[in-house]
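Letter by letter, the chains look like this.
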Amino acid sequence: MKLDTVTKLVVALVALFLVVSFWSDPAGSAGLFHGFLGSVGGFFSAVIDKSVTFVKGLGAK
């Protein structure tokens, strides 16, 4: 099998898994994605805050 074929197969399997998980337990799936997106948002918020603090520290004398 070529890499392109394997990649398409893996993407299709992941998409099928997501559809089945949403269909079988919509509330649980929503809770899972809410937690995941909250964690990702928290990570990027921390990165931005620390970057701003670093840049401010470069300008301080």
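Predicted, not measured: the structure shown is a model, and the values here were computed from it. (Residues numbered from 1 in each chain as written. Predicted model: local features only at pLDDT ≥ 70, side-chain atom pairs only at ≥ 80, totals over all residues. Heavy atoms only, no water.)

A. Structural detail: the side chain of S29. Of note, S29 is situated in helix α2 (residues 26-59). Residue S29 is classed as buried on the basis of its relative accessible area of 7%. If we ignore the near neighbours within four places in the chain, the residues touching S29 are S21 and F22. (Helix = DSSP H or I, 4+ residues; strand = E, 2+ residues; numbered from the N terminus. Buried < 20%, exposed > 50% of the residue type's maximum accessible area, 1.4 Å probe, protein only. Contact = heavy atoms within 4.5 Å.)

B. Representation of the packing of aromatic side chains in the model. One pass over the full model with this rule turns up two aromatic pairs. Consider the rings of F22 and F33, whose centres lie 5.4 Å apart with planes at 35 degrees: the pair is tilted. Remark: F33 occurs in helix α2 and F22 occurs in helix α1 (residues 3-24); sequence separation between them is 11 residues. Among the residues examined, F33 registers a relative accessible area of 29% and is labelled partly exposed. (Phe/Tyr/Trp six-rings, centres within 6.5 Å; stacked < 30°, edge-to-face > 60°.)

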